[in-house]
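In case you want the letters, here they are:
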Amino acid sequence: MRLIIKYEHLFMILERAKESKIEICGFLLGKQQNDVIVVKEVIFTKNKLNSPTAFEINPLEIVEVLDYADEKNLEPVGIFHSHLCKPIPSERDIRGMKLWRNVWLIVDNKGNYGAFILKDGKIKEVEVEVIRS
C-alpha cells in the first residue's frame, strides 16, 4: 500500500505539529484505487481533548468534513495526527484504527512521520511518497 501526498500538504501538517503543544489532528481527503491512496486535500480539525497525549474530533466536525468531501467528490482516505514522541501508533490509536479503517498518518514535532493501517488485526506500515507539484 502507498500513500501519495504533496510536499505542501505534508509540510503544513509538520509545521502545525512543530508549533503545537497538543496533538494536532485532521483528515486526508482524496481518492483510493486499489493499494494507491492519493491525497488531494488536508483538513485540520480541532482536538477536542486539548491534550498533548491524545486526540479526539467532535462528531459534528466529522460530519462537516464528510459532507465537504462529498461535495468535492473526494473520500476521507486517511486521518492524521501528531505525537510529541515517536510517530508510531499508540494503544489508543490502534483502538481508533479499528473504527476508522483507513490510513493513519502520524507525525511528530521534529519533522518525522509514518503512515500505518490496520489489516487483519495487525498494524502495517504504509509507504509514503511525497511529491512536488
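In the block above lies the structure referred to throughout.
Report on the accompanying structure. Because the structure is a prediction, the values reported are computed rather than measured.

Rules used in this analysis
Residues numbered from 1 in each chain as written. Predicted model: local features only at pLDDT ≥ 70, side-chain atom pairs only at ≥ 80, totals over all residues. Heavy atoms only, no water. Buried < 20%, exposed > 50% of the residue type's maximum accessible area, 1.4 Å probe, protein only. Helix = DSSP H or I, 4+ residues; strand = E, 2+ residues; numbered from the N terminus. Pairing = 2+ DSSP bridges. Right-handed = clockwise from strand over helix to strand, strands pointing away. Patch = residues over 30% accessible without salt bridge, like charges linked within 9 Å, V, L, I, M, F, W, Y side chains within 5 Å. Areas by Shrake-Rupley, 256 points an atom, 1.4 Å probe, with all protein chains shown as cover. Salt bridge = Lys/Arg side-chain N within 4 Å of Asp/Glu carboxyl O. Lys, Arg positive; Asp, Glu negative; His and termini not counted. Charge placed at Lys NZ, Arg CZ, Asp CG, Glu CD. Expected span 1.5 Å × (residues − 1). Contact = heavy atoms within 4.5 Å. Polar contact = N/O pair within 3.5 Å; in protein donor to acceptor, adjacent residues only side chain to side chain.

## Here's the deal with the pairing of strand β5 (residues 103-108)
Across the 6 residues that make up β5, a large majority, 6, are buried. Burial of the side chains of β5 extends over both faces: V103, L105 and V107 are buried on one face and W104, I106 and D108 on the other. Judged from the 6 bridges that link them, strand β4 (residues 75-83) and β5 form a sheet pairing that is parallel. Across the sheet, the residue bridging to S82 is V107, located in β5. In this view, the connection linking β4 to its parallel neighbour β5 by way of helix α3 (residues 91-99) has right-handed handedness.

## A short note on a negative patch on the surface
A cluster of acidic residues, E64, D67, D70 and E71, forms a negative patch at the surface. As for its placement among the helices and strands, D67 is situated in helix α2 (residues 59-71).

## Looking at α2
Here α2 contains 13 residues, and its C-alpha end-to-end distance of 18 Å stays within 8% of the 18 Å for a straight helix at 1.5 Å per residue. Buried-residue contacts for α2 involve β2 (25-33) and β3 (36-45). N-cap assignment for α2: the residue whose side-chain oxygen lies 2.7 Å from the backbone N of L60 is N58. Looking one or two residues past α2, N73 carries a phi angle of roughly 60°, positive in sign.

## Details of the pattern of salt bridges
Tallying each qualifying case throughout the model produces 4 salt bridges. Its salt-bridge partner being R2, residue E129 comes within 2.5 Å of it at the nearest N-O pair. Separated by 127 residues along the polypeptide, E129 in strand β7 (residues 122-131) and R2 in strand β1 (residues 2-6) bring together distant segments of the chain. Classification of E129 by relative accessible area gives partly exposed; the value is 27%. Of the charged contacts, one joins E56 and K48 as a salt bridge, the two residues approaching to 3.3 Å between their closest N and O atoms. Exposure remark for E56: the relative accessible area of 31% places this residue in the partly exposed category. Using a relative accessible area of 43% as the deciding quantity, one classes K48 as partly exposed.

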